[in-house]
Amino acid sequence: MTNVRTDWTREEIAGLFNLPFTELLFQAASVHRQNHPPDQVQLCTLLSIKTGGCPEDCGYCSQSVKADSGVEATKLMDVQAVLQSAAQAKDHGSQRFCMGAAWRNPKDRDMPAIVEIVKGVREMGMETCMTLGMLTEKQADMLAEAGLDYYNHNIDSSPEYYERVISTRKFEERIETLDHVRNSGINVCSGGIVGMGETRDDRVGFVHTLATLEAHPESVPVNALVPVKGTVLGDMLHDTPLAKIDDIEFVRTVAVARITMPMSMVRLSAGRESMSDATQALCFMAGANSIFTGDKLLTAPNAGDDSDAALFERLGMTALQGEEPMRACGGQAASKQMAEGVPAE
Ligand code: SF4
């Protein structure tokens, strides 16, 4: 098992990004196979349980009230309808059901329905993940008590670039919610988006922030911006197509995330539908081992079950069986122990 470090410097991470591509890929693939089955990929399904009308101004998001993207605001879905979608996802082989609500933060009046959803999905034998915006300590504890397995809260980019993408909240508030989630005992899912016009140095800062948290997130989604017309970043990229992230740079980001956070699940998320099979294969080689299945992410298109099945067949890969390494060895406590150089039990 690889030694888990949380003391990475920005220089070390920049050095990894700068490696010759073949060397970087070799190192990442080596770390990957020491800690994960290299031919297995975790399948997750994502459902938007409350779409649009979000008061935040994230420049990439079609669900912000500031975006002119045509996404209609809906109310929180009915509990039974959510459970029905979860049952379908389970039938399609998903291990984990992720649910997203376009909120700045959940209101206390929303919590009973959210708790009921978590309990219902867990009773089906699926893992649960939610992304509901910022959480108070009390809300995080309520979700933990309901049995929520994961909470997603992305840091999006480097601390420096963050304020160029979002103005309605601060980077520190993101970290604060991650702390509440961690302290409540829920597993942390946190990643970001590349291709938002940020520099290589921002991508270094993005990975550095996650890799130096007291305990690494159990899941690290790496998204490639899906430029949606009507959003600030979507319009910017439509006007300057060269700003789009280069596939090789995207694979480099996945590889550096894998090397610096060896036990985490690194998830290919948004942007996968526009990647070639060859780029996705390189990402798997570089240590990505989790994807979203289905035709749709929260609002953006996704690759779809059929094309995923065809790709897995061509690559000789299968759906992940069994537990993730960080959970199998005790999650946060183990990660902390390993960070401190004490082997996990
Ligand atoms: S990313 Fe989330 S918080 Fe930001 S505008 Fe979209 S739904 Fe709201």
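Residues numbered from 1 in each chain as written. Predicted model: local features only at pLDDT ≥ 70, side-chain atom pairs only at ≥ 80, totals over all residues. Heavy atoms only, no water.

Asks: Is there a simple way to think about the overall build of the protein chain in this case?
Replies: Within the protein chain, the secondary structure is distributed over 14 helices and ten strands. Each of the 345 residues in the protein chain was classed as buried or not, and the buried ones make up 57%. Of the contacts formed within the protein chain by residues at least 6 apart in sequence, a portion of 76% connects residues at least 24 apart. (Helix = DSSP H or I, 4+ residues; strand = E, 2+ residues; numbered from the N terminus. Buried < 20%, exposed > 50% of the residue type's maximum accessible area, 1.4 Å probe, protein only. Contact = heavy atoms within 4.5 Å.)

Asks: Can you walk me through the packing of helix 2 (residues 21–35) against helix 10 (residues 247–260) in this structure?
Replies: Helix packing geometry: the angle between the two helix axes and the distance between the axes. At a minimum axis distance of 9 Å, the contact between helix 2 and helix 10 shows a crossing angle of 40°. Here helix 10 runs oblique to helix 2, going by the angle between their axes. The chirality of how helix 2 crosses helix 10 is left-handed. On the side of helix 2, the interface is formed by Phe21, Leu24, Leu25, Gln27, Ala28, Val31 and His32, while helix 10 contributes Ile248, Val251, Arg252, Ala255, Val256, Arg258 and Ile259. (Axes fitted to C-alpha atoms, helices over the stretch in contact; angles between N-to-C directions. Parallel < 35°, antiparallel > 145°, perpendicular 65-115°, else oblique. Left-handed = near helix turned anticlockwise from the far one by under 90°.)

Asks: What am I meant to see in the pairing of strand 8 (residues 265–268) here?
Replies: Successive side chains on a regular strand alternate, one facing one side of the sheet and the next facing the other. The side-chain alternation of strand 8 yields two buried faces, one formed by Met265 and Arg267 and the other by Val266 and Leu268. Across four bridges, the pairing between strand 7 (residues 219–224) and strand 8 is parallel. Within strand 8, the residue paired with Pro221 across the bridge is Arg267. In this structure, strand 8 lies alongside strand 9 (residues 290–293), joined through two bridges in parallel fashion. Each bridged residue has a counterpart across the sheet, and for Arg267 the counterpart in strand 9 is Ser290. Taking the sense of rotation as the criterion, the β-α-β connection linking strand 8, helix 11 (residues 277–285) and strand 9 turns out right-handed. (Pairing = 2+ DSSP bridges. Right-handed = clockwise from strand over helix to strand, strands pointing away.)

Asks: Explanation requested: the packing of helix 1 (residues 10–17) against helix 10 in the structure shown.
Replies: Two numbers describe how helix 1 lies on helix 10: the axes approach to 9 Å, and their chain directions differ by 135°. Comparing the axis directions of helix 1 and helix 10 gives the class oblique. Seen from above, helix 1 lies across helix 10 with right-handed handedness. Across the interface between the two elements, Ile13, Leu16 and Phe17 from helix 1 touch Glu249, Arg252, Thr253, Val256, Ile259 and Thr260 from helix 10. Residues of the contact of helix 1 with helix 10, tallied by class, amount to five nonpolar, two polar and two charged. (Nonpolar A, V, L, I, M, F, W, Y, C, P; charged D, E, K, R; others polar.)

Asks: Would you explain the nonpolar core in this entry?
Replies: Considering soluble globular proteins, one finds that nonpolar side chains tend to be buried as a cluster. With 85 residues, the main nonpolar core has Met130 and Phe250 as its most contacted residues. No other element matches the seven residues that helix 10 contributes to this core. Those residues in contact with Met130 that sit more than four places away from it in its chain are Ile49, Met99, Ile114, Ile117, Val118, Leu148, Tyr150, Tyr151 and Asn152. Counting residues in hydrophobic clusters, the runner-up holds seven residues, among them Cys44, Cys129, Tyr150 and Phe292. (Core = buried A, V, L, I, M, F, W, Y, C linked by side-chain atoms within 4.5 Å.)

Asks: Where do I start with the confidence of the model for the protein chain in this structure?
Replies: Close reading of the predicted structure is inappropriate where its pLDDT is low. Scored by pLDDT, the protein chain has a mean of 88; 88% of the residues are at 70 or more. Residue range residues 328–345 is modelled with pLDDT below 50. Its contacts to residues more than four positions away, or to other chains, number 28 contacts. (pLDDT = per-residue confidence, 0-100.)

Asks: What is the right way to look at the packing of aromatic side chains in this model?
Replies: Each pair of aromatic rings is reported with the distance of its centres and the angle of its planes. Counted under the stated rule, the structure contains two aromatic pairs. For the ring pair Tyr162 and Phe171, a centre distance of 5.3 Å and an interplane angle of 75° mean the geometry is edge-to-face. The aromatic ring of Trp8 is capped on one face by Arg5, whose charged end is 4.1 Å from the ring centroid. Arg267 extends its terminal NZ or CZ atom over the ring of Phe292, reaching a point 5.3 Å from the ring centre. (Phe/Tyr/Trp six-rings, centres within 6.5 Å; stacked < 30°, edge-to-face > 60°. Lys NZ or Arg CZ within 6 Å of the ring centre and 35° of its normal.)

Asks: Would you mind showing me how to read helix 4 (residues 111–123) here?
Replies: Along an α-helix, residues three or four apart share an orientation, since each turn contains 3.6 residues. Here helix 4 spans 18 Å end to end across 13 residues, near enough to the 18 Å set by a 1.5 Å rise per residue. Listing the buried residues of helix 4 in full gives Met111, Ile114, Val115, Ile117, Val118, Gly120 and Val121. Summarising the contacts, the buried residues of helix 4 are in contact with strand 1 (40–50), helix 3 (79–91), strand 2 (96–101), strand 3 (127–131) and helix 5 (137–146). Once helix 4 finishes, Gly125 follows within two positions and takes phi at roughly 90°, a positive value. (Expected span 1.5 Å × (residues − 1).)

Asks: Explain the pattern of salt bridges here, please?
Replies: Close approach of charged atoms lets side chains of opposite charge pair. Scanning the entire structure with this criterion turns up 15 salt bridges. A salt bridge links Arg272 to Asp308, with the shortest nitrogen-to-oxygen separation between them at 2.9 Å. Within this pair, whereas Arg272 is found in the loop between strand 8 and helix 11, its partner Asp308 is found in helix 12 (residues 305–315), the two being separated by 36 residues in sequence. Taken individually, Arg272 and Asp308 each receive the classification buried, so the pair is uniform in this respect. Three or more residues are tied together by salt bridges with common partners; here these are Glu56, Arg104, Asp156 and Arg169. (Salt bridge = Lys/Arg side-chain N within 4 Å of Asp/Glu carboxyl O.)

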